Amino acid sequence: MNRRTLLALAAGLLLATDALVPLAGVSAVAAKDRSDRNERREERQDNRREREAARKSREQRPDRDEKREGCALLGEKPPRPRRGDPAAKIEFFGEGRDRRRQERQRFNAAEVVTVVISVDWKNLDPGASQRLEVYSPDGDLFRAFVAPASNDRPVDTPFPLRGWITQHSLYGTWCAEVFVVGDPEPVARRAFTVRFRQ
Amino acid sequence: MRVRSLMVAMVVAVASLGAWLVPDAAEGALLKRVHSGTVQSTFASNQAIVALDLPDASKAFVICHVRGAVTTPANRATCLLSNNQLTVRRAGTNAAVTVSWYVAEFAAGVTVQRNSAVTNIASGTGSTTAALSPSVDCNTSFSIVMSQTNNTTVGNEERFTVRGYLQDQATVGAVCPAGQTTNVLRFDRNETGTAVEVAWQVVTVDRASVQRGLSTIAAAGTSVSPALSTCIETAKSFILQNHFVATGANSAIERQAARAAFSGADCNGSGWKNNVTFTRATSGTTSALDLAWEVVTFDDGTAVLHGSATGTGTHSVVEPTAISARNLGSTLPMYSVSAAVAGANTRNLVDYTAEFTTETQLRFTRGTSSSVASTINYQVVTFNRCLNDPLCTVGATAGTGVVTVQATPYYDHRTLSSTVGCPRWGCAVTVLRRTGAQVTDTPSGQLAVGATVGSSTVVYAGSQTTTSAVTQNTSSITVGSTTGFPSSCTNGPPLCRAYIYDFTTGASDEFTYTGVTATTFTGIPTGTASGQPLRVEAHAANSIVRAFTASEGNTTIPIVLTNAAITSASTSISTSTSPITAGFAPSGTAHLAGGNSFQYTSLTASSFEGVTGINANYVSGASVVQSLSGFANSGLAIDGTTYFYKVFPKTGPAQYVTSMTASQSQVAAVPAGGATLAWTFTSTGGSALNSPSAGSDRVYFSTNGNKLVALNQSDGTISFITDTYGTVSGYPSWYTETGGGEAVAWGDDLGWVYSIDNETGRLKWTRKVPLTEGGVSAGITVQARGGSDATFQAAHAGDLLFVSSYGTSLFFEENKVFALNGDDGSIAWTFDPLNSGAPTGMDSVIAQPAADWARNRLYITTRNGSVGGLQSLWKLNTVTGALVDSLAAGNNEFPIMLTYDASMIYFGTVDEQSVKAFDITSDLWNETWAGGTSVTPGTPKSLLWEDWTNLDENGSPPAGERRLFITTDEGSGNSVRCLQDIGSGGTSCWTRAHPNGGTFAATIIGDDALYVGSGDGKVYALDYATGAINHCFPLTGSPTVGDSTIFEHLFVGSSSGTVYKLNLPLSGGCS
C-alpha cells in the first residue's frame, strides 16, 4: 500500500467520523469547505498579485535577464519516459497550522515551515538512488538531495522554508527536478511557489 | 580597519561536570575512498604485498574474498592492513589462490583495531581471545575475522572454521550486549586438530548501530532465523557472519556454508526487517553450525543493496542481474553462499572472489568450473562520501582574464592494477569549455587541448598521449600537447614532475623535467647518480602522461631523493636529505616512484635501514604524491563574458565518466576586470547565501552543497574543502583556540557538528548531537576559556561551542541547546527545556545565539510556536547550561545582537514587526524599549548591526546616540533602516528603500560605508549618516546577493553559489 492509498483511507476515515457526529461534522465539513474556498480564492489573488509583481520586477530590473522563473529556466521538459524506463511523479506537501498535511503547489512561508517534496517512482532498478535538485526563482541551483529510492514507496524530502529563503526573500516560483543517480538526464520536474504573507 | 568578529563578540559557554567526565564518542564516518584490486594467483610465496596510498590504516578496514582451484583446507588466505600496505597472506605455498580486496579508507569517524601479525590458534586450542585497547563501544563496533591453515588434509576443513565475536566482558561466551563496552574479541572453534592463523579487525563507526548474536543451525536443520532487537532499514544495513562447524562435520562443506539474508515481515513498512535468516544447503546429524553474526546499520547516507544470484550449467562465474550504477570509488561488495556440494574436496566450489566489471555489473568467480550451483547472497555497500559523488566539488576561481578550475580527486577501480593504485592524486580528467552557454557536449576518443567537441573546446586534457615508446633513461618525451602542464614549479626549482601511466598494463612511473615546449618535456634526467632526480622507466607507446606538482593538494608528504640505485636486494637506502626524519615514522613503509614501496625497521639521519620488499624493476626514485589541484585557463575576455567549464573524469585514454548531472560537474565563471572585483569563486552543489567568515589568510563559506570551502584570500583558489553530511546554512565560526591554534566550527541540517584545524584543514572531529528531529541551522557560538572568568575556567578545561537545534516540523517544540567541548566535540552540557524547568518547550533556533563571556550568559532567540505564545527569548548559564530565565518575546528568526560594550541586546521580531531591546547588565529582564519599537509596515528580516563609528574605547556610544541598522521587508520591497536608541525606544535616523522595489540582504559596516547585498544582483554602499546610496556594484551573473563580511575587503555570498571578493571602497554607481 503506498502513501497515497493511506491518505485516501485516512480521508475516508475522517469523513466516516464526521458522519457519526452529524451536527459537529456538518459544521466541520462546512468550515473546511469555506476554508478551502478561501484558500483557493486567496491563491487566485496571490497569482494576480505575483504576476503583477513579477511584471513590475522585470520592468524595474532591466539588467537581469529573468523573463522566466522556476522550471521554465531549466530548458526543455524531460521527455516522457518510454515504457519500462524509470518514471517519477513529484508532489508537494505542506503542514499547516491545522496540523494537516496538504498536497499543494503554493506555500506561504509565514505559515508553512517545511515543504515535503515527495517523489513516487516506477520502474526503478534495485538499489537505485534519486537525486533531487531544487532551483530558486532566479534559476540557481539552491540545493540538492540524494537518497535511496525504490518502487515501493515515495521518497519524502523535507525542504525548510525558514532561514535562507525568508532571510533573502527568495519568493516566487521554484523548480524541483529529479534524476536517477548515474543518469545525467532528469526524469521529471515540477514547479512550486513560495510566498510570504503575514 | 576595525573589524567586528561575529563569533568573538557572540560567544559564551558552560559545562556540566558529570557529562563532561564521560564524553560519549560520536563522530561521523566520512569516506575518503575505497581502494580495490586483485592479487593474482601467481604469488608464489606465502604473502603478497600491495602498496597503497593509505597513510593512516587506523581509519581503514579491508574486506577480502578468496578463491582457489585446489580442494584442500589450504585454499585460504588472510588480509592484514597497515599504513600504506596490504599484506595478503596464506599459511603455506602449496596452492595458488586469488584474492579480491577492498580497502575502505575514511577521512574521519572510523577507528580500527587489528592484529599487526596473524594470531595463531595452536593445535589443540579451542578458544582464545584478543585484547582490545581501548575498549570499544559495542553499539557502534563490528568485527571482521579471516582464518587460514596450512593443513592440506582433505577432511579437516572444519578445523579452520573460526567464530569471532565481541564478547561480554562479564560473561565468557556471551556476546557484548547493547549499551556496553568491551575489550575482548573472542575466537572459538570446535575441531582443534590443526593450527590456524587469524587476521582480525574491530571497526568502530560512530553513529553506526550494531546488533549481534550467536545462533546455531541445529544438526538436523538447514536454517536459523534469529530476531533483531531493533527493526532496521535493510537499505542502510549489512550482515556480517562467521562460524564454526561441529566436530564430526568432516569436510562437509555443504553443511558449513551458510548464506545470510534479512527476513520476516516488514516491521516498519517496506524494506524494514527484524529478522536474519542463515540458510545452508544440507543438514547432517552431527553437523550443527554455530554462527556469530552482526547487523550493521549506518545513518550517514551509506546505502546497501541486497540481492541473490545462482549460477547455471557448468560454470565458474556468477553474474547477478545488473544493478543501478555505483561509484566504484566508494563501493565494496560482500557475499555469503550456500551450495549443495558433495562433501569433501569442494572448498573450491563455494569460495568466490567478487569484482565489479562495470559500474552496474558485479561478478563472482570461483576457482573451479562445475555444474554444482551455489546460491550467493550479496550485499553492495556504498559509503557516504559527498553530495556530488563521485566528483565531490568542482570550483572555478575567476581573476582578471583568467579562470582557475579545480576539482576534488575522482577515484575509479578501473585504473587499478595489482600493485599500482589509481593515481594517488586521483584519476585524470578532461575539461570542456563553452562560451556563453552551458556545456552540453560529451567528449569521445582521445582528445588534446584545443580540440573542438561540438560547441565546446577542450581546455584541459589531463593527459596526453606519447607519440612514441618511452625508453628508460630518455631525456625527452613528446606528446600531443603540453598545455596545462606546469613549466615552472615550486618543487625544488626548476624541477617539474609528471606522471606516466600505461592504461594497458597498469605500469606507472613519474619523472622530473626542467623544460617544456609545446609538445615535448625536456631535461628529464638520466642515469642514477647520487642525488639524482627522477628519471623515467621504459614505457610502451601510447602511454599516458599526466601533470602534477609536489606543491599541489592538501597533504604534505615528505620527499627525499635516493643517493644510489636501489635493487631488490637493498637492505639500506641512503638519501641526499639529512635529516630525513620529518614526516617519516621511526619504522614502517615508504613509497618509491611508480607505486613501489618498501618496508624499513629504523631510520638514521639520512638512510632507511632494515629495508625489505623492494621490487626489482625500480632502480632509483623518490616518493612524491599529490592530488589534482587545478589548471589556469588564461587569455579570457574581461567584457562580462561567461565561460562554462564541465569536468569529465577519465577511466582510460578515451573513456569518460558522463553519468553526472550538469550541476555536479559544471561551473560558470566570469573573468573579472577592473579595480573593484578581485576574484569570484563558484562551486557546485548549491547556494552560498551566508556571509563568508574570514580568518588568518583564508576565507570560509558554507554552502547548500554539503560542504565548507576554505579559499585563499589573496587569489580565491581553494585551500581545502570539507565535505559534510548535510547542508550548512549557518555561519561558519572561526576562532582562536585557548590552547593555541585556530579552528573553524559549524553544524549541518542533519545535526552533525564539525571542527577543523584552520592551519591544515584537517577535520579535528565531527559529532552528531542527539536530536529526535531536525538538525542545526544556526551558526555556532563559541566561548573561549582564555577570555572567560575564573568560574568558567574552573569548570571547563577548554573552549565551549554552543549548538542549537532546528526542528523541521511546524509543531516540533522540543529543540535543545548543547555545549560541546572544543577539543573533542564531547558534550559538556545539554539544555532541554522540557526537562529543565522551562515554562514551555523551545521552538526552532534559526539564528546564531549571542554569548556574554563576562557574565557567562548565552542569549538565544527562537520562533514562538505554531500558534504563538511559546517562550522565545532564552538566557542560559554558559557554565552549567542551567536556565536563567526565559520570556515570550515574539517570533524570532534573526540573530540576536550583543552590543560592543555588552550592555544591551537587540533583535527583530517577525510577527510583532518590531525591534526589541533589553538591558542585560543584570539578570532581570529589563526591556528598555517597552513592547518594542515598531517598524511597520516593515517586518525585520536580518541581523541588526551596531554602528561602531561613534564608540569610545569601552565600546560605548555617547548617551542616547547608539545607532542600529536593520533590513526590513516592507511588502512592496525591502528597506534598510537606521534606528537610534534614545533610551525608551528607537527613533528613525533614516530609512532607505530599495531603489527598484527589490530585496536587501543583511548589512555590514565598513570604514567608509554601510554595505548591503541585494536581490537585484548588486552590492550597495550606503552613507552612514543619511542612508543615501553612494555607490553600487553589479556582480557578475546577477545572482541574489547574500550576506557579507569585511576583512579589509568585502566578501559576499550569493544564491548561485558564487563568492565574491570586492576591493574597498566601492566606486562608481549603478544605472
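Just above, that's the structure.
Residues numbered from 1 in each chain as written. Chains lettered and ligands numbered in written order. Predicted model: local features only at pLDDT ≥ 70, side-chain atom pairs only at ≥ 80, totals over all residues. Heavy atoms only, no water.

## A few points about empty space enclosed by the protein
Residues and elements named next belong to chain B.
- In this structure the tally under the stated criterion is 12 cavities of 30 Å³ or more.
- Counted as a void, the largest cavity has a volume near 910 Å³.
- Considering the residues around the largest cavity, the lining is formed by 39 residues, among which R76, V145, Q241, N242 and Y335 are closest to the centre.
- Sorting the residues of the lining of the largest cavity by element identifies β3 (60–68), β10 (141–148), β11 (163–166), β17 (237–245), β18 (258–263), β20 (289–297) and β23 (331–339) as the ones contributing at least two each.
- Its residues placed into classes, the lining of the largest cavity shows 22 nonpolar, 12 polar and 5 charged. (1 Å grid on protein atoms, 1.4 Å probe; cavity = no way out; pocket = protein on both sides within 12 Å on 5 of 7 lines; lining within 4 Å. Points joined across faces, edges and corners; volume = space filled by probe spheres on them. Helix = DSSP H or I, 4+ residues; strand = E, 2+ residues; numbered from the N terminus. Nonpolar A, V, L, I, M, F, W, Y, C, P; charged D, E, K, R; others polar.)

## Structural notes on the sheet that holds strand β25 (residues 362–370) of chain B
Residue and element names in this part refer to chain B.
- The strand order β22-β25-β24 describes an open sheet built from 3 strands, whose pairing is antiparallel. Looking at which strands have only one partner, the edges of the open sheet turn out to be β22 (315–318) and β24 (352–356). Averaged over all adjacent pairs, the angle separating strand axes in this sheet is 20°, with direction ignored.
- Here β24 pairs with β25 via 5 bridges, running antiparallel. Looking at the pairing, E355 lines up with R363 of β25. (Pairing = 2+ DSSP bridges. Axes fitted to C-alpha atoms, helices over the stretch in contact; angles between N-to-C directions.)

## A short note on the pattern of salt bridges
- Overall, the coordinates contain 30 salt bridges over all chains when judged by the stated rule.
- For B:E893, the salt bridge is made with A:R162, and the minimal N-O distance between the two is 2.5 Å. Taken as a pair, B:E893 in the loop between β64 (883–887) and β65 (897–898) and A:R162 in the loop between β7 (155–160) and α3 (164–167) lie in two separate chains rather than in one. An identical accessibility class is assigned to B:E893 and A:R162; each is buried. (Salt bridge = Lys/Arg side-chain N within 4 Å of Asp/Glu carboxyl O. Buried < 20%, exposed > 50% of the residue type's maximum accessible area, 1.4 Å probe, protein only.)

## A look at the environment of B:V439
All names here are of chain B.
- Secondary-structure assignment places V439 in the loop between β29 (429–435) and β30 (452–453).
- For V439, a relative accessible area of 2% corresponds to the buried category.
- Once the C-alpha coordinates of V439 and R363 are considered, the two residues, 76 residues apart in sequence, prove to be 35 Å apart.

## Remarks on the environment of B:N690
Residue and element names in this part refer to chain B.
- Following the sequence through the fold, N690 ends up in the loop between β48 (677–683) and β49 (693–695).
- Taking C-alpha positions, N690 is 7.9 Å from T703, a pair spaced 13 residues apart along the chain.
- Within the structure, N690 has its side chain in polar contact with the backbone oxygen of G730 (distance 3.3 Å). (Polar contact = N/O pair within 3.5 Å; in protein donor to acceptor, adjacent residues only side chain to side chain.)

## Describing the interface of chain A and chain B
- Counting residues at the interface gives 45 residues for chain A, matched by 62 residues for chain B.
- A combined buried area of about 4300 Å² lies between chain A and chain B, and 50% of that area is made up of carbon and sulfur atoms.
- Three residues stand out in chain A for area buried against chain B, namely A:W164, A:Q167 and A:H168, and they jointly supply 17% of the buried area on that side.
- If you look at where chain A meets chain B, you find 2 salt bridges.
- Between A:R143 and B:D749 there is a salt bridge, with its nearest N and O atoms 2.1 Å apart.
- For the pair chain A and chain B, the number of links is 26 residue pairs in polar contact (both at pLDDT 80 or more).
- Listed by contribution, the elements that provide at least two residues to the side of chain A that touches chain B are β5 (129–135), β6 (141–148) and α3 of chain A.
- Looking at which element gives the most residues to the side of chain A that touches chain B, the answer is β6(A), with 6 residues.
- Here the side of chain A that touches chain B is composed, by residue class, of 16 nonpolar, 11 polar and 18 charged. (Contact = heavy atoms within 4.5 Å. Buried area = accessible area lost by both parts, 1.4 Å probe.)

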